[in-house]
Amino acid sequence: MYDFTIIGGGILGLATAYRLLQERPGASLVLIEKEQRLAHHQTGHNSGVIHAGVYYTPGSLKAKLCKEGAERTILFCEEQGIKYERCGKLIVATDDEESARLKGLEERVIANGLDYENLSAEALAEIEPNVAGTAAMLIPATGIVNYTDICTSMAGVIAKDGGEIRLGEAVTGIIESDAEIVVETNKGEVAARTLIVCAGLQGDRMAMMAGIDIDFRILPFRGEYYRLAAERGELVKHLIYPVPDPSLPFLGVHLTRIIDGSLTVGPNAMLSLGRETYSGNYPVPGDMADMMSFPGFYKLMARFAAAGLYEMRGSLSKRVYLERCRKYCPSLQLEDLQPMEAGIRAQSVSSDGALMDDFLFLETSRSLHMCNAPSPAATSALPIADEIVSRALRKAN
Ligand SMILES: Cc1cc2nc3c(=O)[nH]c(=O)nc-3n(C[C@H](O)[C@H](O)[C@H](O)COP(=O)(O)OP(=O)(O)OC[C@H]3O[C@@H](n4cnc5c(N)ncnc54)[C@H](O)[C@@H]3O)c2cc1C
């Protein structure tokens with residue numbers, strides 16, 4: 001029997017295994033991942049931004065763990081020789097209304113303890129000649145990294161510290177008793193004293209499998225990107241974000257520098273008809289059935305009908321998508337936008353139709369489940385892992 005089983009080879013499962021073996025050297029640990037490679041889902045399809053922690057409600061777990069997570073991500077990269085860059089981010093207002101909202105965001109930035117600089121239109125044009133705006137806020141702490149590189153590095157340390165990582169093994173059942181917790185997989189059974197689940201898009205199903213009575217479901221939101229043509233790689237020096245629109249639940253399409261030197265625009269936020277359908281937004285019967293049988297889905301749709309239509313228009317028309325980017329980067333042309341694989345976000349939605357904002361941990365006597373880990377959970381992975389580890393060790397003692 002193992003001391004710990006971890007389900008999920010994304011950044012949260014790996015960070016948890018990495019931190020557990022540091023806290024409990026010699027513990028026996030197995031990490032089970034259904035795909036043939038690590039970071040196959042959200043972690044390997046994200047924007048690669050090391051968020052500074054601008055938007056989050058002051059005092060929330062998200063706000064606290066993001067700021068700490070950004071610092072620790074960079075420290076980890078330095079220790080492990082992983083390429084990262086602190087390029088900074090510009091939040092750009094393009095009219096008076098957005099300038100007023102940007103002013104409002106300043107209070108949050110101050111409350112979250114971040115360094116920032118307000119820029120006039122002229123100052124913005126000086127540092128980013130290809131970006132147009134009436135005002136901007138510079139957040140110097142924001143950076144970029146490839147989170148798959150971080151996962152590969154963590155997996156190396158886990159193996160060196162005696163942890164076992166199994167790929168291509170899918171968990172199909174969880175049976176908990178007083179003495180142990182057994183996970184059933186397509187390859188057999190694995191027994192442990194404590195189970196930790198970081199299953200991303202499947203987190204609600206895993207929690208139900210463990211017998212937890214949940215009041216939410218994970219709904220998948222597709223983030224569609226375009227890669228910019230290689231000759232446009234030098235278009236901007238910072239990450240360029242719009243001022244968030246309070247009527248839209250996600251951040252808005254942004255220009256993101258990628259650590260490999262390329263540049264992307266996106267992601268948008270479309271309801272996905274499948275949880276793992278990267279090649280196109282086609283319906284997956286099981287995923288659709290789960291969604292349609294959940295009352296919170298209809299309440300969410302009613303609440304965000306206008307936002308949904310806005311996103312759908314941008315998804316269906318490359319020209320509409322382009323116009324949204326041209327608001328702050330007018331020189332972009334249709335031919336600059338080249339196809340790129342989408343990412344799919346795991347977003348927990350409560351039965352009253354609200355998007356659950358903060359990180360959510362649920363527990364049974366022998367198991368611990370990460371049930372809502374939206375962005376910036378990749379940035380916050382190390383402090384989230386610390387939280388999971390301290391809860392898991394309390395169970396193990
Ligand atoms: C489009 C997009 C952009 C984003 N941008 C950013 C960003 O710039 N910065 C940031 O900080 N965050 C960002 N995020 C959020 C971030 O990527 C996620 O919060 C983070 O990757 C969550 O990690 P995870 O380990 O929980 O999930 P995942 O990476 O999804 O890993 C879960 C793993 O569990 C495995 N699993 C599931 N079910 C089973 C089973 N039955 N048996 C075995 N294994 C199973 C899956 O195969 C998967 O590998 C973004 C996300 C998306 C989708």
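Let us look at the structure shown here. (Residues numbered from 1 in each chain as written. Predicted model: local features only at pLDDT ≥ 70, side-chain atom pairs only at ≥ 80, totals over all residues. Heavy atoms only, no water.)

1. Examining the sheet that holds strand β18 (residues 270–271)
Part 1: Here we have three strands laid out as an open sheet, ordered β18-β13-β20, and antiparallel in their pairing. Taken across any chain shown, the strands that pair with only one partner, and hence form the sheet edges, are β18 and β20 (343–350).
Part 2: As judged from the eight bridges shared by strand β13 (residues 216–223) and β20, these two strands associate in the antiparallel manner. Looking at the pairing, arginine 222 lines up with isoleucine 344 of β20. (Pairing = 2+ DSSP bridges. Helix = DSSP H or I, 4+ residues; strand = E, 2+ residues; numbered from the N terminus.)

2. Remarks on the packing of aromatic side chains
Part 1: Counted by the stated rule, this structure contains four aromatic pairs.
Part 2: Between tyrosine 18 and phenylalanine 76 the ring centres are 5.3 Å apart and the planes differ by 90°, which places this aromatic pair in the edge-to-face class. With tyrosine 18 in helix α1 (residues 11–23) and phenylalanine 76 in helix α2 (residues 61–80), this residue pair connects regions lying 58 residues apart in the sequence. Comparing tyrosine 18 with phenylalanine 76, the two get one shared label, buried.
Part 3: The ring of tyrosine 310 carries the charged tip of arginine 324 above its face, separated from the ring centre by 3.5 Å. (Phe/Tyr/Trp six-rings, centres within 6.5 Å; stacked < 30°, edge-to-face > 60°. Buried < 20%, exposed > 50% of the residue type's maximum accessible area, 1.4 Å probe, protein only. Lys NZ or Arg CZ within 6 Å of the ring centre and 35° of its normal.)

3. Quick word on the pairing of strand β7 (residues 135–139)
Part 1: The element β7 is extensively covered by neighbouring structure, given that five of its five residues are classed as buried.
Part 2: Residues Ala135, Met137 and Ile139 of β7 are buried on one face, and the alternating residues Ala136 and Leu138, pointing to the opposite face, are buried as well.
Part 3: In this sheet, β7 lies alongside strand β5 (residues 89–93) in antiparallel orientation, the contact comprising five bridges. Paired with lysine 89 across the bridge in β7 is isoleucine 139.
Part 4: In this sheet, β7 lies alongside strand β6 (residues 117–120) in antiparallel orientation, the contact comprising four bridges.

4. What about the packing of helix α9 (residues 305–316) against helix α10 (residues 318–326)?
Part 1: For the pair α9 and α10, the least separation of the axes is 5 Å and the interaxial angle reads 110°. Judged on the interaxial angle alone, α10 and α9 are roughly perpendicular. Each of Tyr310, Glu311, Arg313, Gly314 and Leu316 in α9 lies in contact with α10, whose residues at this interface are Lys318, Val320, Tyr321 and Arg324.
Part 2: Of the residues belonging to the contact of α9 with α10, the class tally is four nonpolar, one polar and four charged. (Axes fitted to C-alpha atoms, helices over the stretch in contact; angles between N-to-C directions. Parallel < 35°, antiparallel > 145°, perpendicular 65-115°, else oblique. Contact = heavy atoms within 4.5 Å. Nonpolar A, V, L, I, M, F, W, Y, C, P; charged D, E, K, R; others polar.)

5. Quick notes on the site of the ligand
Part 1: Close to the ligand lie 37 residues; Glu33, Thr43, Val49, Ala373 and Thr379 are nearest.
Part 2: Residue glutamate 33 places a side-chain N or O atom 2.6 Å away from an oxygen atom belonging to the ligand.
Part 3: One of the backbone nitrogen or oxygen atoms of valine 49 is found 2.9 Å away from a nitrogen atom of the ligand.
Part 4: Relative to its unbound accessible area of 990 Å², the ligand is 97% covered by the protein chains.
Part 5: Sorting the residues of the shell around the ligand by element identifies α1 and β20 as the ones contributing at least two each. (Near = heavy atom within 4 Å. Polar contact = N/O pair within 3.5 Å; in protein donor to acceptor, adjacent residues only side chain to side chain. Areas by Shrake-Rupley, 256 points an atom, 1.4 Å probe, with all protein chains shown as cover.)

6. Quick notes on the pattern of salt bridges
Part 1: Enumeration according to the criterion identifies 23 salt bridges in this entry.
Part 2: Aspartate 386 is the salt-bridge partner of arginine 19, the closest N and O atoms lying 2.5 Å from each other. You can see arginine 19 sitting in helix α1 and its partner aspartate 386 sitting in helix α11 (residues 381–396), a full 367 residues away along the chain.
Part 3: Overall, the relative accessible area of 12% leaves arginine 19 in the buried class.
Part 4: Classification of aspartate 386 by relative accessible area gives partly exposed; the value is 23%. (Salt bridge = Lys/Arg side-chain N within 4 Å of Asp/Glu carboxyl O.)

7. Notes on unusual backbone geometry
Part 1: Put simply, glycine 266 and proline 267 share a cis peptide bond, and its omega is -5°.
Part 2: Looking at the element boundaries, proline 267 is found in the loop between β17 (263–266) and β18.
Part 3: For the bond from serine 375 to proline 376, the omega torsion is 15°, close enough to zero to count as cis.
Part 4: Along the polypeptide, proline 376 turns up in the loop between β22 (367–372) and α11.
Part 5: The backbone phi angle of alanine 39 is positive, close to 55°, even though this residue is not glycine.
Part 6: On the secondary structure map, alanine 39 appears in the loop between β2 (29–32) and β3 (49–50).
Part 7: Given the relative accessible area of 1%, alanine 39 is considered buried.

Geometry only, nothing functional implied.
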